[in-house]
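What follows is the residue order along each chain.
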Number of protein chains: 2
Amino acid sequence: MFPYDAISFIALFNEYMYMKMLNREEKEEGSGLRTMDAEQLREEAHKMVDFIADYYKSIENFPVLSQVQPGYLGKLLPDSAPDHPEPLQHVLNDVQEKILPGVTHWQSPNFFAYFPSNSSIAGFLGEMLSAGLSIVGFSWITSPAATELETTVMDWLAKALNLPDIFYSTGQGGGVIQGTASEAVLVVLVAARDKILRRVGRSALNKLVIYASDQTHSALQKACQIGGLNPELCRLLKTDSSTNYALSPDVLSEAISSDIASGHIPFFLCATVGTTSSTALDPLPALGKIAKINNIWFHVDAAYAGSACICPEYRHHIDGVEEADSFNMNAHKWFLTNFDCSLLWVKDRSALIQSLSTNPEFLKNKASQENMVIDYKDWQIPLGRRFRSLKLWMVLRLYGLEGLRSHIRNHIDLAAYFEELVSQDARFKIVVPRTFSLVCFRVLPPPNSEDHGNKLNHDLLDSVNSTGSVFITHTVLSGEYILRLAVGAPLTEKRHVKGAWQILQDKATALLGSL
Amino acid sequence: MFPYDAISFIALFNEYMYMKMLNREEKEEGSGLRTMDAEQLREEAHKMVDFIADYYKSIENFPVLSQVQPGYLGKLLPDSAPDHPEPLQHVLNDVQEKILPGVTHWQSPNFFAYFPSNSSIAGFLGEMLSAGLSIVGFSWITSPAATELETTVMDWLAKALNLPDIFYSTGQGGGVIQGTASEAVLVVLVAARDKILRRVGRSALNKLVIYASDQTHSALQKACQIGGLNPELCRLLKTDSSTNYALSPDVLSEAISSDIASGHIPFFLCATVGTTSSTALDPLPALGKIAKINNIWFHVDAAYAGSACICPEYRHHIDGVEEADSFNMNAHKWFLTNFDCSLLWVKDRSALIQSLSTNPEFLKNKASQENMVIDYKDWQIPLGRRFRSLKLWMVLRLYGLEGLRSHIRNHIDLAAYFEELVSQDARFKIVVPRTFSLVCFRVLPPPNSEDHGNKLNHDLLDSVNSTGSVFITHTVLSGEYILRLAVGAPLTEKRHVKGAWQILQDKATALLGSL
């Protein structure tokens, strides 16, 4: 126990230290971190830059898939937030020792899981600048540059993708940056829902039908749940290997006819260019025609593959987009723009605005009231929005479209190289033809395998990922457990792809040998 | 016209330059920016730090409210993205010359509009680190540290706010970081909607009733629109000056009784602690009791004022939160954590998860399938999510709770100082009692003013904001146009508040003199 005087002294000392820290006028060296101060920000942020650069320098030394056990971090951290400030170096030490072991390194050259979510130097710089300005651009007036740069870069991208004029801001449509493809499909689903309900009456909500293939991203199902649509009328139409898992226009037509005959109301079709499981390509022109005849909102989800369509040789995959009511691609997947940055174009912006606008008194201002400007708050779910166009603009400026095309082609070449390696090993097979930078493959089961090799491939995946040297993920197609290798991290080179294949081969050898 | 050979030479030169840029093996100085490279990132990011630090150094030199005209930026930028890369310095020059004039400076010490959305050195560093790691933490496995740090800091904050145990992750509930309060209210509304529909059947959707005061943020109305609820049953109950614009429990009880009598189904109540217009305080204990009796989901929106409740002397404003099913505060408003970072706690996480979970094959993994971990993707609208807990953690570590309390108290003191200045000038009146850091006031109209001084106050606002020296906004209460001054930028000092008041006085003198 301390004597009373010692406690008083400690209390006094603490008070003195915090007065030092908090006093805005205090200039003395060694005082704590101010909430904001240009020179302190400069000093500390330079340290953070070095920390991050050092992270990239050593990124290959970490297990790419974190190998920690559930609950690991709770044991390492205290139960309460600190009462008193700590220096940045303590926090960075904790990041190094406690956080990084629990990070799965999406930017590692050995990350081949899911789809990529690639960052880049330009994307990172754009994110920094956006965090530095720290504006909230819900209405034009809250930072005109944020709205106007977004309109500009969305038009630039529409041009780079050769989208029809109707998607440009100069017409009835326009582009907007959403957080994710999930939000993109939700906002257009709600717009389409309200559009049809205005015609047929609210009481028909339970009769509205949504169409998509069974390969469609789960974001659609989630959007239906959120939008209050009847889950039984979310039709995920069956696909199979005969179409390489693309939605068949005939299957769609039949489903629509049958629904109409039952008194349901078809209103929404989601097609995908590059599905998550296997980059399947729904046939946009035929699907678009059916949507048009039936007066159905036609949404095209090209979240992953859209990026490739800035290359002339891949653009044909979105032929038919002229029939779409909305088109989405994620710049944060394969376009070097830090997550989150999901690009949505619509043909009829008024449909979005009718569903999503609010006009509270406290946000009214001359420019908005006179309809002189875009207020992107009315094109999205949240009110607030970050200055996300900055990072996309910086990516476009610092790499140029030619640089971005080379980036895409480089990854596709690497995937083709991997595909070639797999196809040379008779123990493996390529499951569906590769189109972009994803390869779907599996190790062939021994004869009379009870589950057609599903356990074998599952074990191979576990075995490979537990090395920490590479991270790949899986899917299931027609009941078969399939491995997926997606190239997309900016640091990935041929040697990493080769290394991944080596591990796959070695682990397959071990597993097949033990059977 | 160039002769053919010159064109060939230019084409060859261009090709050479881009080969130089794109060749990953190219080590020579002066080659272009790679997509990722530790040393290039270090070099360029240090430049960006200096750019941002210089911005803060000169932030008072900009007009705080951007003075540009609609369409200004389109005229300054080209029609297409560049084909070829440009150096960072060109982009930074454009930021300085073209973007910054169109920025409304939310971090300026003279920003008193809306509610603050304050950044800080710690928040900025956290945002940098999050962008540097650039992970996508939808499932635990995609970066265990992202999920576990989020759980930890949400528990830390629950403790700092003295929330009941039921909101901690150790019970049936827990906390999650949403993007915005709009998303927070949407996800709990959907969870509550589905919970009641499971009991009464989907066909009752059109009968569900939502209650809130007419001072509630427009995000609630938007959430109802998105969630497919009957807009006619979104009851925004009238408030007035007799309760300082708080929702009256009697008015609520009557509305519920009347709805039940008409065969409607009450299911959701949103109360606000610190409304956007005037920081009105809905009486949580009384409202909570009514919600409980009627089996209504009780959501508490303390987006702005929640931050103040880490100070013991303000904590009583959320007394009654123990009756709430969900509680929300925005760390990105007044808690020094960069936008976006909205903290949502729920009592029953299973309700959220039932409404928002999806389980596609391609995301399945052992930890998730065995329910060993939290997958926050099932607590939110999007699938993807950034590592947002990092910035909140850094704010807590680098300032400590005592530092954060001082930050809050400092702003409240500054607002009290402003209130005092206003109340000393007989031409003005304080419209509602000040509780936190927002002051609602107006200049008194001359006798026989036709519109009770609404035009006068509107003109005063315009006149003040057009100086560029200060930015304040307005609201309307009981038909009266009111000016709002919200203190919240980290750089704001007494001299800025005094300066704002000086401008208000001067402009009022000019306007009143010309009447």
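Residues numbered from 1 in each chain as written. Chains lettered and ligands numbered in written order. Predicted model: local features only at pLDDT ≥ 70, side-chain atom pairs only at ≥ 80, totals over all residues. Heavy atoms only, no water.

Attention shifts here to the overall build of chain A. If you tally the helices and strands in chain A, you get 15 helices and eleven strands. Since a compact globule built from 515 residues should have a radius of gyration of about 24 Å, the 26 Å found for chain A is in line with a globular shape. Projecting the C-alpha coordinates of chain A onto the three principal axes gives extents of approximately 85 × 75 × 45 Å. Expressed as a percentage of the 515 residues in chain A, the buried residues total 65%. Sequence-distant contacts, at least 24 apart, represent 74% of the contacts inside chain A between residues at least 6 apart. Carbon and sulfur atoms make up 52% of the accessible area of chain A, which amounts to about 18100 Å² in all. Across chain A, the 45 positively charged side chains and the 56 negatively charged ones have centroids separated by 5 Å. (Helix = DSSP H or I, 4+ residues; strand = E, 2+ residues; numbered from the N terminus. Rg over C-alpha atoms; globule rule 2.2 N^0.38 Å. Buried < 20%, exposed > 50% of the residue type's maximum accessible area, 1.4 Å probe, protein only. Contact = heavy atoms within 4.5 Å. Areas by Shrake-Rupley, 256 points an atom, 1.4 Å probe, with all protein chains shown as cover. Lys, Arg positive; Asp, Glu negative; His and termini not counted. Charge placed at Lys NZ, Arg CZ, Asp CG, Glu CD.)

This brings us to the pattern of salt bridges. Counting across every chain of the model gives 58 salt bridges over all chains. Note that Arg-193 of chain A and Asp-194 of chain A form a salt bridge whose closest N and O atoms lie 2.9 Å from each other. A residue is classified by how much of its surface remains accessible, and Asp-194 of chain A, at 15% relative accessible area, is buried. Among the salt bridges present, the one from Lys-292 of chain A reaches Glu-323 of chain A, with a minimum N-O distance of 3.4 Å. Of the two residues, Lys-292 of chain A is situated in helix H9 (residues 284-293) and Glu-323 of chain A in the loop between strand S5 (297-301) and strand S6 (326-330); the sequence distance between them amounts to 31 residues. Judged by relative accessible area, which is 60%, Lys-292 of chain A ranks as exposed. For Glu-323 of chain A, a relative accessible area of 27% translates into the label partly exposed. A network of salt bridges, in which partner residues are shared, links Glu-39 and Arg-42 of chain A together with Asp-50, Asp-54 and Lys-57 of chain B. (Salt bridge = Lys/Arg side-chain N within 4 Å of Asp/Glu carboxyl O.)

Take the interface of chain A and chain B next. With 156 residues of chain A in contact, the opposing surface of chain B contributes 156 residues. Between chain A and chain B the total buried area reaches about 13800 Å² when both faces are included, carbon and sulfur atoms providing 66% of it. Considering only the surface of chain A that becomes buried against chain B, Ile-121, Phe-362 and Arg-397 of chain A emerge as the three largest contributors, covering 6% of it. A salt bridge links Asp-50 of chain B to Arg-42 of chain A; its shortest N-O distance comes to 3.0 Å. With 18 residues, helix H2 (residues 38-57) of chain A is the single largest residue contributor to the side of chain A that touches chain B. Here the residues of the side of chain A that touches chain B are counted per class, giving 78 nonpolar, 47 polar and 31 charged. (Buried area = accessible area lost by both parts, 1.4 Å probe. Nonpolar A, V, L, I, M, F, W, Y, C, P; charged D, E, K, R; others polar.)

Here we come to the relation of the copies chain A and chain B. Screw-axis analysis of chain A against chain B gives a translation of 0.0 Å along the axis, an RMSD of 0.0 Å, and a rotation angle of 180°. Both copies are brought into coincidence by an operation consistent with a two-fold rotation axis. Comparing interface residues between copies, 100% of those in chain A also sit at the interface in chain B, which points to an isologous, same-surface contact. (Least-squares fit on C-alpha atoms with pLDDT ≥ 70 in both.)

Residues and elements named next belong to chain A. Residues annotated by UniProt as "modified residue: N6-(pyridoxal phosphate)lysine" (unreviewed entry) correspond here to Lys-333. On the secondary structure map, Lys-333 appears in helix H10 (residues 331-334). You can call Lys-333 buried: its relative accessible area is 17%. Apart from the residues within four sequence positions on either side, Lys-333 is in contact with Phe-115, Pro-116, Ser-117, Asn-118, Ala-303 and Tyr-304. (UniProt positions renumbered as here; feature names shortened; annotations may be inferred.)

Attention shifts here to the confidence of the model for chain A. All names here are of chain A. In the predicted model, chain A carries a mean pLDDT of 94, and 94% of its residues have values of at least 70. Taken as a whole, residues 9-13 scores under 50 in pLDDT and shows one contact with residues more than four places along the chain or in a different chain. Under the prediction, the complex receives an ipTM of 0.93, its pTM being 0.94. (pLDDT = per-residue confidence, 0-100.)

A few words now on unusual backbone geometry. For the bond running from Phe-339 of chain A to Asp-340 of chain A, omega is 0°, close enough to zero to count as cis. If you trace the backbone, Asp-340 of chain A turns up in the loop between H10 and strand S7 (342-346). Located in the positive-phi region is Tyr-114 of chain B, a residue other than glycine, with phi close to 45°. Within the element layout of this structure, Tyr-114 of chain B appears in the loop between helix H3 (88-99) and helix H4 (121-133). Look at Tyr-114 of chain B and you get buried, because its relative accessible area is 9%.

Right, let's get into the pairing of strand S2 (residues 208-213) of chain B. Residue and element names in this part refer to chain B. Counted residue by residue, S2 has six buried out of six residues, so it is predominantly covered. Side chains Leu-208, Ile-210 and Ala-212 of S2 all project onto a buried face; the interleaved residues Val-209, Tyr-211 and Ser-213 project onto the opposite face, where all are buried too. With five bridges connecting them, S2 and strand S4 (residues 265-272) associate as parallel partners. In the strand pairing of S4, Val-209 is matched with Pro-266. The sheet contact formed by S2 and strand S3 (residues 234-237) spans four bridges and is parallel. Bridging across to S3, Ser-213 finds its partner in Leu-237. Where the polypeptide runs from S2 across helix H7 (residues 218-226) and back to S3, its parallel neighbour, the crossover connection is right-handed. (Pairing = 2+ DSSP bridges. Right-handed = clockwise from strand over helix to strand, strands pointing away.)

Take the environment of Ser-389 of chain B next. All names here are of chain B. For Ser-389, the location among the structural elements is in helix H14 (residues 389-423). Classification of Ser-389 as buried rests on a relative accessible area of 0%. Along the backbone, Ser-389 and Thr-180 are 209 residues apart, and their C-alpha atoms lie at a distance of 14 Å. Sequence-distant contacts of Ser-389, that is, excluding residues within four places in its chain, are made with Ala-146, Leu-149, Glu-150, Val-153 and Ile-177.

Turning to the sheet that holds strand S2 (residues 208-213) of chain A, a few remarks are in order. Residue and element names in this part refer to chain A. Taken together, the seven strands give an open sheet; going across it, the order is S1-S7-S6-S5-S4-S2-S3, and neighbouring strands pair in mixed fashion. Edge positions in the sheet fall to strand S1 (174-178) and strand S3 (234-237), since each of these pairs with one other strand and no more. Direction aside, the axes of adjacent strands within the sheet are offset by 20° on average. Relative to the sheet, helix H5 (residues 144-160) contacts S1, S6 and S7, its axis offset from that of S7 by approximately 80°. (Axes fitted to C-alpha atoms, helices over the stretch in contact; angles between N-to-C directions.)

A few words on helix H6 (residues 181-200) of chain A. Structural remark: α-helix, 3.6 residues per turn; residues separated by three or four positions point the same way. All names here are of chain A. Spanning 20 residues, H6 covers 28 Å between terminal C-alpha atoms, matching the ideal 28 Å at 1.5 Å per step. Counting buried residues in H6 gives 16 out of 20 residues, a clear majority hidden from the surface. Note on H6: the residue one or two positions beyond its end, Gly-201, has a positive phi of about 95°. (Expected span 1.5 Å × (residues − 1).)

Let us look at the domain arrangement of chain A. Think of interface size as the accessible area that goes away when the parts come together; that is how it is often given. Residue and element names in this part refer to chain A. Partitioning chain A into structural domains gives domain 1 (157-355) and domain 2 (397-513). Here domain 1 and domain 2 have C-alpha centroids that lie 29 Å from each other. The partner domain 2 presents 22 residues to the 24 residues of domain 1 that form the contact. For Glu-313, the salt bridge goes to Arg-409, with nearest N and O atoms at 2.7 Å. Viewed at the interface, domain 2 and domain 1 are joined by nine residue pairs in polar contact (both at pLDDT 80 or more). Residues belonging to the side of domain 1 that touches domain 2 are distributed by class as follows: 13 nonpolar, nine polar and two charged. (Domains from an automatic or database assignment. Polar contact = N/O pair within 3.5 Å; in protein donor to acceptor, adjacent residues only side chain to side chain.)

With that settled, consider the packing of aromatic side chains. Residue and element names in this part refer to chain A. If you walk through the whole model with that rule in mind, you get 38 aromatic pairs over all chains. Ring centres 4.8 Å apart and planes at 10° place the aromatic pair Tyr-304 and Trp-334 in the stacked group. Remark: Trp-334 occurs in helix H10 and Tyr-304 occurs in the loop between S5 and S6; sequence separation between them is 30 residues. Pair check on accessibility: Tyr-304 and Trp-334 agree, each one buried. Arranged with centres 6.0 Å apart and planes meeting at 50°, the rings of Tyr-314 and Phe-436 form a pair that is tilted. A residue pair is termed long-range when its members are at least 10 positions apart, and Tyr-314 in the loop between S5 and S6 and Phe-436 in the loop between strand S8 (428-430) and strand S9 (438-443) qualify at 122 residues. Just as Tyr-314 is buried, Phe-436 falls in that class too. (Phe/Tyr/Trp six-rings, centres within 6.5 Å; stacked < 30°, edge-to-face > 60°.)

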